Amino acid sequence: LSPFSASEDLRSTWQGKAGRSPLQALYESDQFEQSSLQAIHQQRREMLSNICSRYTRKRRLLRPDDLRHLVVDDTHGLLYCYVPKVACTNWKRVMMVLTGQGKYRDPLEIPAHEAHVPSNLRTLSEYSVPEINARLRTYLKFIFVREPLERLVSAYRNKFTLSYNTAFHKRYGTKIVRRHRRQPSQRALERGDDVRFEEFVYYLLDPRTQQEEPFNEHWERVHSLCHPCIIHYDVVGKYETLAEDANYILQLVGADTSVKFPASSKTTRTTDDMTAQFFQDISPFYQRRLFNLYKMDYLLFNYSIPSYLRI
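All of these numbers come straight from a predicted model, not from anything done at the bench.

What follows is about the overall build of the protein chain. In terms of regular secondary structure, the protein chain is built from 16 helices and 4 strands. By sequence separation, contacts in the protein chain at least 24 residues apart represent 71% of the contacts at least 6 residues apart. Accessible area of the protein chain: about 15500 Å², with a carbon and sulfur share of 49%.

Shown next, in the form of structure tokens:
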């Protein structure tokens, strides 16, 4: 089950389309040798490997449905598992530049909604089984993760507090209000646009929720979206070190130096302090249950239990 656990594995396993891979050239350059980033990423792979071997008893086979989040770049030999609320819009924009044969040059020129149009990027689920296996074996695979409860609050803020997300209000908000609010008004039942965070937590922890259907991808656990104990990711990027990790990946695959990962906007970003505020009114009982729901992501990606939790 272990992912590539040493830089030697990464160098020998992944080759670009050209004979001498960009990765090889980088390893031979002075600036890249024994870099601290290299060591950090090796530690992350080893941590992932250790947790997977400790908690995964039986390795199951991947189904095509498991691969819907893996975006393919055949030009650079790259697989990216996108996780909503972890800079995935910007990563999809970058992937459109990388795969666009010159159609796009600047990721920020691509409208956000266009980055999420399914036909603009191919996912691994669209390939035949032999093509899937070849890409999983030879392409560089990466994922970006985020502190789980911060990601959850970010999803709540985006999907339930913004007036334009009417599809989410109708699809999920009305159900949450109906099940988890005492004496809801007729307006709230019809519109579902005023869901409180506490109600959202009750919905996530209600056994009926996952019995009826899988979690929406915006609050699904990363290990359920990207299967990091089955797919051996070469790079585990973190939202907390987004710029450095993004540049590292673009270097690894020999992307054109003009391709830059967009700088993130800090104005509306969900922070740790903001997340703590959302949990002030959640009882310790429900805090503990919610933490347990996302516990595997905490373990796999080496996040500490937040100091604001009373568990």
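Attention now goes to the pairing of strand β4 (residues 235-238). Burial along β4 is two-sided: Val235 and Gly237 and Val236 and Lys238, pointing in opposite directions, are all buried. One ladder, built from 4 bridges, connects strand β3 (residues 140-145) with β4; its direction is parallel. Each residue of the ladder has a partner; that of Ile143, found in β4, is Val236.

To continue, consider the packing of aromatic side chains. Counted under the stated rule, the structure contains 25 aromatic pairs. Each ring, one from Phe291 and one from Tyr298, has its centre 4.8 Å from the other, and the planes form 45°; the classification is tilted. Its relative accessible area of 3% is what places Tyr298 among the buried residues. An aromatic cluster is present here, built from Tyr156, Phe160, Phe168, Tyr172, Phe197, Phe200, Tyr203, Trp219, Phe278, Phe279 and Tyr308 joined pairwise through their rings. Directly above the ring of Tyr172 sits Arg171, whose terminal nitrogen or CZ lies 4.7 Å from the centroid.

Before going further, it helps to examine unusual backbone geometry. Notably, Ala87 is not glycine yet its phi reads approximately 55°, a positive angle. Following the sequence through the fold, Ala87 ends up in the loop between β2 (78-81) and α4 (88-99). In this structure Ala87 comes out as buried when scored by relative accessible area, which is 16%. Of note, Asn302 is a non-glycine position whose phi angle comes to about 60°, a positive value. Following the sequence through the fold, Asn302 ends up in the segment after α16 (295-300).

Next up on the list: the side chain of Glu147. Of note, Glu147 is situated in the loop between β3 and α7 (148-160). Summary of buried charges: Glu147 has no salt-bridge partner, and the nearest side chain of opposite charge, Arg146, is 7.3 Å away. In this structure the side chain of Glu147 is engaged in a polar contact, spanning 3.0 Å, whose partner is the backbone nitrogen of Leu149. Setting aside residues no more than four positions away along its own chain, Glu147 makes contact with Glu240, Tyr298, Tyr303, Ser304, Pro306 and Tyr308.

Among the secondary structure elements, Asn158 is positioned in helix α7. Taking relative accessible area as the criterion, Asn158 reaches 18% and is therefore assigned buried. For the pair Asn158 and Thr270, spaced 112 residues apart in sequence, the C-alpha separation works out to 9.8 Å. Setting aside anything within four residues of it in sequence, one finds Asn158 in contact with Lys85, Tyr164 and Asn165.

This brings us to the sheet that holds β3. Within the open sheet, the 4 strands sit side by side as β1-β2-β3-β4. Their pairing is mixed. Strand pairing shows two members of the sheet lacking a second neighbour, β1 (70-73) and β4, which therefore form its edges. Pairwise comparison of adjacent strand axes, ignoring direction, gives a mean angle of 25° for this sheet. Here 4 bridges tie β1 to β2, and the two strands are oriented antiparallel to one another. Residue pairing for β2: Asp73 is matched across the bridge by Leu78.

With that settled, consider the packing of α4 against helix α13 (residues 242-252). Where α4 contacts α13, the two axes come as close as 13 Å, and the packing angle between them is 20°. Overall, the two elements α4 and α13 adopt an arrangement that is roughly parallel. As for how α4 packs across α13, the hand of that crossing is right-handed. Residue-level contacts link Trp91, Val94 and Leu98 of α4 to Leu242, Ala246, Ile249 and Leu250 of α13.

A few words on the pairing of β3. With respect to burial, β3 is a largely interior element, 6 of its 6 residues being buried. Covered by surrounding structure in β3 are Leu140, Phe142 and Phe144 together with Lys141, Ile143 and Val145, the residues of both alternating faces. Where β2 lies against β3, 4 bridges are found, and the strand directions are parallel. Its bridge partner lying in β3, Leu78 is registered against Leu140.

Reading guide: rules and limits
- Residues numbered from 1 in each chain as written.
- Predicted model: local features only at pLDDT ≥ 70, side-chain atom pairs only at ≥ 80, totals over all residues.
- Heavy atoms only, no water.
- Helix = DSSP H or I, 4+ residues; strand = E, 2+ residues; numbered from the N terminus.
- Contact = heavy atoms within 4.5 Å.
- Areas by Shrake-Rupley, 256 points an atom, 1.4 Å probe, with all protein chains shown as cover.
- Buried < 20%, exposed > 50% of the residue type's maximum accessible area, 1.4 Å probe, protein only.
- Pairing = 2+ DSSP bridges.
- Phe/Tyr/Trp six-rings, centres within 6.5 Å; stacked < 30°, edge-to-face > 60°.
- Lys NZ or Arg CZ within 6 Å of the ring centre and 35° of its normal.
- Lys, Arg positive; Asp, Glu negative; His and termini not counted.
- Salt bridge = Lys/Arg side-chain N within 4 Å of Asp/Glu carboxyl O.
- Polar contact = N/O pair within 3.5 Å; in protein donor to acceptor, adjacent residues only side chain to side chain.
- Axes fitted to C-alpha atoms, helices over the stretch in contact; angles between N-to-C directions.
- Parallel < 35°, antiparallel > 145°, perpendicular 65-115°, else oblique.
- Left-handed = near helix turned anticlockwise from the far one by under 90°.

Remember that the coordinates give geometry; whether it matters functionally is a separate question.
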